[in-house]
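Remarks on the overall topology
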Amino acid sequence: MRSYIIKGGNPLTGHVKIGGSKNASLAVLSAAMALDGPCIIDNLPDITDLSVLLQIFSDIGATVEYLEPGKVRLDATTINTHEVLHDRVTQIRGSYYLMGALLGRFGKVALRMPGGCDFGVRPIDLHLKGFEALGAKTEMSYGIVSCEAEELTGGGVFLDTVSVGATVNIMLAAVKAKGKTVIDNAAREPHIVDVANFLNAMGADIRGAGTDVIRINGRPTLPANKEYTVIPDQIEAGTYMILAPLTGGDITVEGVIPKHMEPLSAKLVEMGVEVEEGDDTIRCYMKEGSSLQAASFKTMPYPGFPTDLQPQATVLLCVAEGTGRMIENVWENRFQYVDALRLMGANIITSGRLAVVQGNSHLTGSQVTARDLRAGAALVMAGLAARGTTKVLDIERVERGYEYFVEKLTRLGARIERFESE
Ligand code: UD1
């Protein structure tokens, strides 16, 4: 078990380079498993979720070569099985993309049910509905999902709920299916566009990614043999952007796509934060004499406010002036970190999907546990803003998604150390 010890209370200031997007990388790497030739993928973040996924690829026979930090060469043509039953699959959520990728590749797949953060029921009914629309038979038993089709053929799918995972998975299964597939009410997240751009660069014909209707003209083979760079991580960038007003500091995130950050930037401006956009940078700070004001947030699929920044934004509401509201529309149980924040002095009432946050809290250090990836990051942030010492336990969950977290925070002036404990 690992933990962070944080001595909080000092402003974080400086520049921080943002890594490649975790969720885009998981999807793009998996998309590479449907290709008919090798490819090189660059700008991958150095996080445990990706090392687990690449290990799963090796387990099933794919050729994985690490060329340099953040850059791999993948060849899926050496995959020798459609069965992915290793326990490793349960460690991450992103392994669910192997359903679409291997179904597209072999016409069949058997996958142990994927794991990932626990913030409510995480069904895959829409993924299966999509595969069925392409002619596959699907079955779930004893924790294993099996899908099989004599021949995958294009079809129409309407997603009852906007789902990132289902949108990507259906794209992966459809990209080599015979004929045309149309996904209606598709997710529009930047990483959906990234996967489509990646597949198109490798020979696919996908149109409309980034809108709610995606059209895929199946191609029998995808020759690949190209290099692709993954987009920067919005959630990592957003975490550092929030840290600036939270600690009374001045932080510039570098290597970002400012457009992707608009749902957060707009809320920060509403709260009184100065947000200065460059071509690929965003600087956040409080003007002298100004104060942080509470606001109301609602998490929504992109371009709404991202649920993966909800815990971090809630911490910011704790130190703002006035009463803020956070409505969690995506996940049914994503306020599990609130008890830990209360222990640190936060004044938050939750009811179902609503959290009412009384601002002006003087956060103080405590011992808390990271219950999931973003919740854990939020507790680290609270510790950095709090007076005294905070110990955050189970930080393996945080390191699933934040590369060089301690190192990047330390460079911004944070006093944070990582400890191994029993
Ligand atoms: C992805 C992200 C996760 C993020 C989430 C929402 C990855 C690896 N994870 O998760 O970080 O929090 O998007 O932005 O990229 N749903 C169904 N049936 C399904 C699938 C989903 O009802 O078959 C519902 C879910 O219960 C949830 C909503 O749809 O309420 C959105 O889920 P989805 O977008 O699929 O999330 P993930 O792809 O699992």
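The next thing to look at is the layout of surface pockets. Approximately 1,100 Å³ is the volume found for the largest pocket. For the largest pocket, the lining is made up of 47 residues, of which Arg122, Val164, Thr307, Val330 and Trp331 are closest to its centre. Broken down by secondary-structure element, the contributors of at least two residues to the lining of the largest pocket are α1 (22–31), α4 (125–133), α5 (164–174), α7 (234–247) and α11 (373–385). When its residues are assigned to classes, the lining of the largest pocket shows 20 nonpolar, 14 polar and 13 charged. When we break the lining of the largest pocket down by domain, the ones giving at least three residues each are domain 1 (2–18 + 233–420) and domain 2 (22–229). Quantified by volume, the second largest pocket comes out at close to 360 Å³. The wall of the second largest pocket is formed by 22 residues, among which Leu44, Pro45, Asp46, Pro69 and Gly70 lie closest to the centre. Of all elements in the fold, only α2 (48–59), β4 (63–68) and β5 (71–75) reach the threshold of two or more residues within the lining of the second largest pocket.

Here the focus is the site of the ligand. What surrounds the ligand is a group of 22 residues, the closest being Tyr96, Ser163, Val164, Asp308 and Val330. Contact between the ligand and valine 330: an oxygen atom at 2.6 Å from a main-chain N or O atom of the residue. Contact with the protein chains covers 88% of the free accessible surface of the ligand, which is 740 Å². Applying the majority rule of atoms within 2 Å of the grid points places the ligand in the largest pocket. Breaking the shell around the ligand down by element, the ones donating at least two residues are α1, α4 and α5. With 3 residues, α4 is the largest single contributor of residues to the shell around the ligand.

Take the sheet that holds strand β24 (residues 415–420) next. Pairing between the strands of a sheet is mediated by backbone hydrogen bonds and can be parallel or antiparallel. Ordered in space as β22-β23-β1-β24, the 4 strands form an open sheet in which the pairing is mixed. With partners counted over all chains shown, the strands left at the sheet margins are β22 (367–369) and β24, one partner each. Within the sheet, the average angular offset between the axes of one strand and its neighbour, ignoring direction, is 20 degrees. Bridging between strand β1 (residues 2–7) and strand β23 (residues 389–393) involves 5 bridges; their strand directions are antiparallel. For isoleucine 5, the partnering residue across the bridge sits in β23 and is lysine 391. Lying over the sheet, α11 contacts β1, β22, β23 and β24, oriented at roughly 25 degrees with respect to β1.

On to the side chain of glutamine 310, then. By secondary structure assignment, the location of glutamine 310 is in helix α9 (residues 310–319). The exposure class assigned to glutamine 310 is buried, which follows from its relative accessible area of 0%. Here arginine 334 takes part through its backbone oxygen, which lies 3.2 Å from a polar atom of the side chain of glutamine 310. Side chain to side chain, glutamine 310 and tyrosine 337 meet in a polar contact 2.4 Å long. Apart from the residues within four sequence positions on either side, glutamine 310 is in contact with Thr299, Phe305, Met326, Glu328, Arg334, Phe335 and Tyr337.

The domain architecture assigned to the chain consists of domain 1 (2–18 + 233–420) and domain 2 (22–229). Using C-alpha coordinates to define each centre, domain 1 is positioned 30 Å away from domain 2. The partner domain 2 presents 19 residues to the 21 residues of domain 1 that form the contact. Across the domain 1 to domain 2 interface the summed buried area is about 1,800 Å²; carbon plus sulfur atoms make up 52%. The largest share of the area that domain 1 buries against domain 2 comes from Tyr302, Trp331 and Arg400, three residues that together contribute 37% of it. Taken together, the connections running from domain 1 to domain 2 amount to 1 salt bridge. A salt bridge links arginine 400 to aspartate 49; its shortest N-O distance comes to 2.7 Å. Summed over the shared surface of domain 1 and domain 2, the result is 7 residue pairs in polar contact (both at pLDDT 80 or more).

Calculation rules
Throughout this description, residue numbers start from 1 for each chain and increase along the sequence as written. Per-residue local features of the predicted model are confined to residues with pLDDT of at least 70, and side-chain atom pairs are confined, for both listing and counting, to 80 or more; whole-chain, interface and lining totals are unaffected and use all residues. Think of the side-chain values as coming from all heavy atoms in the structure, minus any hydrogens and water. Here a cavity is any set of points on a 1 Å grid over the protein atoms alone where a 1.4 Å probe fits but cannot get out, and a pocket is any open set with protein on both sides within 12 Å along at least 5 of 7 lines; a residue lines the site when it has an atom within 4 Å of a point. Grid points are joined across faces, edges and corners, and a volume is the space filled by probe spheres set on the points. Helix numbers and strand numbers start at the N terminus; a helix is a DSSP run of H or I with at least 4 residues, a strand a run of E with at least 2. The classification used treats Ala, Val, Leu, Ile, Met, Phe, Trp, Tyr, Cys and Pro as nonpolar, Asp, Glu, Lys and Arg as charged, and all other residues, Gly among them, as polar. Each domain's extent is set by a domain assignment, obtained either automatically or from a database. Summary of the distance rule: residues count as near a molecule or strand when at least one heavy atom falls within 4 Å of that molecule or strand. Under the rule applied, a polar contact is a pair of N or O atoms within 3.5 Å (in protein, one hydrogen donor and one hydrogen acceptor; residues adjacent in sequence only if both atoms are side-chain atoms). To be clear on the numbers: accessible area is Shrake-Rupley with a 1.4 Å probe, and residue cover counts the displayed protein chains and nothing else. Each molecule is assigned to a cavity or pocket provided more than half of its atoms lie within 2 Å of the corresponding grid points. Here, a strand pair is defined by DSSP locating no fewer than two bridges between the strands. In this description, a line fitted to the C-alpha atoms serves as the axis of each element, helices being fitted only across the stretch in contact, and the angle between N-to-C directions of two axes falls anywhere from 0 to 180 degrees. Any two residues having at least one pair of non-hydrogen atoms within 4.5 Å are treated as being in contact. Burial status follows relative accessibility: with a 1.4 Å probe on protein chains alone, a residue under 20% of its type maximum counts as buried, one over 50% as exposed, and anything between as partly exposed. Once two parts are put together, the accessible area they lose, assessed with a 1.4 Å probe and summed over both, is termed the buried area. By convention in these notes, a salt bridge is any Lys or Arg side-chain nitrogen within 4 Å of a carboxyl oxygen on Asp or Glu.

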